[in-house]
Amino acid sequence: MGILETDLLHPTQAQEMKKHKLKRLVQSPNSSFMDVKCHGCLTLTTIFSHASTVVLCGGCQTVLCVPTGGKTKLQPGVNFRTKTG
């Protein structure tokens, strides 16, 4: 009987992120909400990380992000931070 190459009780962070969200040791979603700051008028807008529509700034009507097949793609020059709890 050979020794396992990986530790099943203590997987690395990279191994956990590759697994499906329900197959991880501690279930966690892949999506989150983000505060996005417009580079033109410096207004904060809250968006979903997997938004399916184009998100415009409330102040100057510039495009903040565009949808892709999964996560949204932020426009160049846009700053963001992930919201927690």
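Residues numbered from 1 in each chain as written. Predicted model: local features only at pLDDT ≥ 70, side-chain atom pairs only at ≥ 80, totals over all residues. Heavy atoms only, no water.

Draft legend 1. Up close: the nonpolar core. Counting ten residues, the largest nonpolar core consists of Met 34, Val 36, Cys 38, Ile 47, Ala 51, Val 55, Cys 57, Leu 64, Cys 65 and Val 78. When contributions to this core are tallied by element, the ones reaching two or more residues are strand S1 (33-37) and strand S4 (63-66). Ignoring sequence-local partners within four residues, the contact set of Cys 57 consists of Cys 38, Cys 41, Thr 43, Thr 62 and Leu 64. (Core = buried A, V, L, I, M, F, W, Y, C linked by side-chain atoms within 4.5 Å. Buried < 20%, exposed > 50% of the residue type's maximum accessible area, 1.4 Å probe, protein only. Helix = DSSP H or I, 4+ residues; strand = E, 2+ residues; numbered from the N terminus. Contact = heavy atoms within 4.5 Å.)

Draft legend 2. Just unusual backbone geometry, in detail. A positive phi angle, near 60°, is found at Leu 42, a position not held by glycine. A residue is classified by how much of its surface remains accessible, and Leu 42, at 60% relative accessible area, is exposed.

Draft legend 3. Looking closely at the confidence of the model for the protein. Per-residue pLDDT for the protein has a mean of 86; in total, 95% of the residues score no lower than 70. Mean pLDDT in the protein bottoms out at helix H1 (residues 13-18), which sits at 86, and peaks at S1, which reaches 93. (pLDDT = per-residue confidence, 0-100.)

Draft legend 4. Up close: the sheet that holds strand S5 (residues 73-74). Reading across from one edge, S3-S4-S5 is the order of the three strands in this open sheet, with antiparallel pairing throughout. With one partner strand each, in any of the chains shown, strand S3 (55-56) and S5 form the two edges of the open sheet. When S3 meets S4, the two strands line up antiparallel, connected through two bridges. Note on S4: the bridge partner recorded for Val 55 is Cys 65. (Pairing = 2+ DSSP bridges.)

Draft legend 5. Spotlight on the pairing of S4. Once S3 ends, the chain turns through six residues before running back antiparallel as S4, passing Gln 61 with a positive phi of about 60°. Pairing analysis gives two bridges linking S4 to S5, with the strands arranged antiparallel. If you follow Cys 65 over to S5, its bridge partner there is Leu 74. With antiparallel pairing between neighbouring strands as the criterion, S4 and S5 make up a hairpin whose turn holds six residues.

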